[in-house]
Amino acid sequence: MSQKKSVLSGTIVQNAIKESFLKLDPRVMVRNPIMFVVEIGFILTLILTFVPKAFRSSTPFWFNLIVTIILLVTILFANFAEALAEGRGKAQADSLKKTKKDITANKIAGSSVKQVSSSDLRKGDIVLVSQGEMIPGDGEVIEGLASVDESAITGESAPVIKEAGGDFSSVTGGTRVISDQIKVRITSDPGESFLDRMISLVEGAKRQKTPNEIALNTVLMSLTLIFLIVVVTLSYFGSYLNVNLDVPVLIALLVCLIPTTIGGLLSAIGIAGMDRVTQFNVLAMSGKAVEAAGDINTIILDKTGTITYGNRMASEFIPVGSSKEEEVGQWAAVSSIKDETPEGRSVLELMKKLGYAIDTTLASSGEFIEFKAETRMSGIDLKDGRKVRKGAVDAIKKWVAAQGGSIPSDLTASSDKVASAGGTPLAVAVDNQIFGIIYLKDTVKPGMRERFEQMRKMGIKTIMCTGDNPLTAATIALEAGVDDFIAESKPEDKIAVIRREQAEGKLVAMTGDGTNDAPALAQADVGIAMNSGTVAAKEAANMVDLDSDPSKIIEVVAIGKQLLMTRGALTTFSIANDIAKYFAILPAMFMLAIPQMEVLNVMKLGSPMSAILSALIFNAIIIPLLIPLAMKGIAYKPISSAQLLRRNLLIYGLGGVVVPFIGIKIIDLVVHLWV
Ligand SMILES: Nc1ncnc2c1ncn2[C@@H]1O[C@H](COP(=O)(O)OP(=O)(O)OP(=O)(O)O)[C@@H](O)[C@H]1O
Ligand SMILES: [K+]
Ligand SMILES: [Mg+2]
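Keep in mind the model is a prediction, meaning the values are calculated, not measured.

(A) Broad picture of the sheet that holds strand 15 (residues 433-441). The strand order across the open sheet formed by six strands is 10-15-14-13-12-11, and the pairing between neighbours is antiparallel. The two strands at the open ends of the sheet, each matched to only one other strand, are strand 10 (313-319) and strand 11 (367-372). For this sheet the average axis-to-axis angle between neighbouring strands, irrespective of direction, equals 15°. Both strand 12 (residues 377-381) and strand 13 (residues 387-392) contribute to a ladder of five bridges, which runs antiparallel. What sits directly across from serine 378, in strand 13, is lysine 390. Running over the sheet, helix 13 (residues 342-354) touches strand 10, strand 13 and strand 15 and is turned about 65° from strand 10. In this fold helix 15 (residues 393-402) packs onto strand 12, strand 13, strand 14 (424-430) and strand 15, with an angle of close to 145° to the strand it touches most, strand 13.

(B) Summary view of the environment of serine 118. With respect to the helices and strands, serine 118 occurs in the loop between strand 2 (112-117) and strand 3 (126-130). For serine 118 and valine 535, which are 417 residues apart along the polypeptide, the C-alpha to C-alpha distance reads 19 Å. In contact with serine 118, other than residues within four places in its own chain, are Lys101, Asp102, Ile103 and Pro136.

(C) Focus on the coordination of the potassium ion (ligand 2). Around the potassium ion (ligand 2), the protein contributes the donor atoms Val255 (O), Cys256 (O), Ile258 (O), Thr260 (OG1), Asp578 (OD) and Asn619 (OD1), at 2.4 to 3.0 Å from the metal centre. Given six donor atoms and angles of 63 to 162° at the metal, the environment of the potassium ion (ligand 2) is assigned as irregular. Of note, the potassium ion (ligand 2) draws all its donor residues from one chain, in the sequence arrangement V-C-x1-I-x1-T-x317-D-x40-N.

(D) The domain arrangement of the protein chain, seen in detail. In terms of domain boundaries, the protein chain breaks down into domain 1 (10-92 + 202-278 + 557-672), domain 2 (122-189), domain 3 (295-307 + 445-546) and domain 4 (322-429). Placing a centre on the C-alpha atoms of domain 2 and another on those of domain 3 gives a separation of 26 Å. Counting residues at the interface gives 13 residues for domain 2 and ten residues for domain 3. It is Asp167, Phe168 and Ser170 that lose the most area in domain 2 upon contact with domain 3, and together they represent 48% of the buried surface on that side. Where domain 2 touches domain 3, the interface holds zero salt bridges. Looking at the side of domain 2 that touches domain 3, the elements with two or more residues in it are strand 4 (139-149) and helix 5 (151-154). Its residues assigned to classes, the side of domain 2 that touches domain 3 shows two nonpolar, seven polar and four charged.

(E) Up close: the pattern of salt bridges. Within the structure shown, the criterion is met by 32 salt bridges. Among the ionic pairs, lysine 90 bridges to glutamate 86, the shortest N-O distance being 3.7 Å. Here the residue lysine 90 and the residue glutamate 86 both occupy positions in helix 4 (residues 61-99), the gap between them amounting to four residues, near one helical turn. Judged by its relative accessible area of 35%, lysine 90 is partly exposed. On the basis of relative accessible area, glutamate 86 is assigned to the buried category, the value being 18%. For arginine 500, the salt bridge goes to glutamate 501, with nearest N and O atoms at 3.2 Å. Overall, glutamate 501 belongs to the buried group, its relative accessible area being 1%.

(F) Just the site of ligand 1, in detail. The local shell around ligand 1 holds 24 residues, among which Lys303, Thr304, Thr341, Ser378 and Gly467 are the closest. Within the side chain of threonine 341, an N or O atom sits 2.9 Å from a nitrogen atom of ligand 1. Contact between ligand 1 and glycine 467: an oxygen atom at 2.9 Å from a main-chain N or O atom of the residue. Protein contacts shield 96% of the accessible area of ligand 1, which totals 610 Å² for the unbound molecule. For the shell around ligand 1, the secondary structure elements donating two or more residues are helix 11 (303-307), strand 12, strand 13 and strand 14. Sort the elements by how many residues they give to the shell around ligand 1 and strand 13 lands first, with three residues. When the residues that make up the shell around ligand 1 are grouped by side-chain class, the tally is six nonpolar, nine polar and nine charged. Mapping the shell around ligand 1 onto the domain boundaries places at least three of its residues in each of domain 3 (295-307 + 445-546) and domain 4 (322-429).

(G) Focus on the layout of surface pockets. Its volume calculated, the second largest pocket comes out at about 800 Å³. In this structure, the second largest pocket is lined by 33 residues; those nearest its centre are Val160, Phe168, Tyr309, Ser532 and Ser548. At the level of elements, strand 5 (160-163), helix 13 and helix 17 (448-457) are the ones that each hand at least two residues to the lining of the second largest pocket. Partitioned by chemical class, the residues of the lining of the second largest pocket number 13 nonpolar, nine polar and eleven charged.

(H) Expanded view of empty space enclosed by the protein. All chains considered together, the criterion is met by two cavities of 30 Å³ or more. Within this model, the largest cavity holds a volume of roughly 70 Å³. Lining the largest cavity are 14 residues, and of these Ala584, Ala588, Asn601, Leu605 and Ala611 sit closest to its centre. Sorting the residues of the lining of the largest cavity by element identifies helix 22 (553-593) and helix 23 (608-632) as the ones contributing at least two each. The element contributing the most residues to the lining of the largest cavity is helix 22, with five residues. Residues that form the lining of the largest cavity fall into these classes: eleven nonpolar, three polar and no charged.

Conventions used here
- Residues numbered from 1 in each chain as written.
- Chains lettered and ligands numbered in written order.
- Predicted model: local features only at pLDDT ≥ 70, side-chain atom pairs only at ≥ 80, totals over all residues.
- Heavy atoms only, no water.
- Pairing = 2+ DSSP bridges.
- Helix = DSSP H or I, 4+ residues; strand = E, 2+ residues; numbered from the N terminus.
- Axes fitted to C-alpha atoms, helices over the stretch in contact; angles between N-to-C directions.
- Contact = heavy atoms within 4.5 Å.
- Donors = N, O, S within 2.8 Å, 3.2 Å for Na, K, Ca; no water.
- Tetrahedral: all angles 85-135°; square planar, octahedral: opposite > 155°, others 65-115°.
- Domains from an automatic or database assignment.
- Buried area = accessible area lost by both parts, 1.4 Å probe.
- Salt bridge = Lys/Arg side-chain N within 4 Å of Asp/Glu carboxyl O.
- Nonpolar A, V, L, I, M, F, W, Y, C, P; charged D, E, K, R; others polar.
- Buried < 20%, exposed > 50% of the residue type's maximum accessible area, 1.4 Å probe, protein only.
- Near = heavy atom within 4 Å.
- Polar contact = N/O pair within 3.5 Å; in protein donor to acceptor, adjacent residues only side chain to side chain.
- Areas by Shrake-Rupley, 256 points an atom, 1.4 Å probe, with all protein chains shown as cover.
- 1 Å grid on protein atoms, 1.4 Å probe; cavity = no way out; pocket = protein on both sides within 12 Å on 5 of 7 lines; lining within 4 Å.
- Points joined across faces, edges and corners; volume = space filled by probe spheres on them.

Written as structure tokens, this is what we have:
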């Protein structure tokens, strides 16, 4: 993102303080039932402060006033935690909104170019964008190639190449063309652009509670309800025994017992988790996706463009049978004249490099057969009836065999040589004759082996799925160090792998960039599309990586795990805490009613009233003290989940019991000076 703020700026804190008060509105508070109970308690003690005799209470004015103030502060602290977590996203949204201004677009209408406002562009419109101009809307490059400065969106200053065909065709409105000229087909209507979605995302406007959060909330609400019943029963019980338990004391008891710590921090934890993903330049469409990332068992990656750089370039024409190199090149070129994919264009470039002239007349009137992931071939049907094809060797072999052709005896040896070097062999054929092989070269990105090793330590299995042949796949799989690979896979095969894993109860993540990856990205529990990829891939996925770095999935998984751990740890801490507070406040309450019960004062607190106030003060200040942990998350190390659980129970369970004893005791020493 354009502004990476690692520290919280003063304005964010100021706004959060203001927001904490605005969130006191009961219509807002009711969305957080635990804190809403505290707010009702606050209203009751407020009434008691000014009408001391209400509810047959006998506590003094000053006590009621202090309880009222502490309750208010407790709610404000919880609101502040949430507002602070929301703050960074809001600030980011503001700066993104500045990127979104109306610009003039060169819309192509028939044979002329018309100048229109970018806000008047609709899905399907075609615009021309030249050097120095801003791209007026999201779209797909349909003609040409240009380098584009996407720093407004990604924060990355190095320009990226966008080109028609292939997997690098999508462009984002608000980015700038810095060289050449492209024709773009607009793919979004006003208000539905990537930037719009991004703004509403970081703003948290459409934030919904995740299923995990809803489940936890239900548990916490049930706990609250149980304590409410306990406290109400206690008050009746008291009056039956002729012991007067005062309303402010009962409210203090209730607030201490209900899980206000986690209740106050829960939404901040979720928002901060999402925000951490965003700071990492990954846009998560839902909190659910981030949480799912934390539980991932299997990751599916495609080969080209993910594990390798993805600029598969023709580097050699290898003749087979009785044909000549130039012949292979000629037919490869004829089949590529209208092939807009990087592979297709690289064939023509290789011809130029080798100094061969391309016979364009032959192809000019033919019917172009576009490359499809399903057929794994592309080519042209010539006017004279001949059909020219290039494509995956197995696909071409089948195609030739279906026409009664025979397979040259040296084909396999030649294609295997290319494949075992990690290259992609494309066979070139005309009707029933195979002429030779195009050697497409690609390179594995550096550092892949270490990344996959890290995933293995996290207990995650990696599977490479590629449309390429088994030998190339095996070579690259070995070089990159993935656990498993599937070759010659069509889009539906990728989905089948994901479904198979899911049927075994596993959560599956997938990264991809191509249109052929889109269905699988949608099927996966976590689908991460590369921002460089096609519009279809980005729409199907539930996360978009603005830096287009597929290995980033590791960090996304770590952030997801961290989110789940932080929530679990703070829930444990909160509930353990409440148990400790019980020992401070319950004896104090009875001592207040029956002064002879001094034996109950196990913590040796100053006086019943100072004990109650100390517990209540501790209950309030623990919320802001835990805000940094809620926002930053608990540090994550790749160790087994059993070890993790043991460690967290020890720290946050035991800590949760011990800390309040010490905290309340210290506060009581101070409070008792007055009370
Ligand atoms: N322009 C093209 N013309 C003909 N055949 C092609 C072309 N591009 C690729 N192929 C062949 O089709 C196969 C599938 O290509 P595709 O780009 O769909 O792979 P994929 O399924 O995305 O897998 P990956 O990206 O991991 O390689 C390639 O391995 C290659 O043999
Ligand atoms: K509490
Ligand atoms: Mg691909």
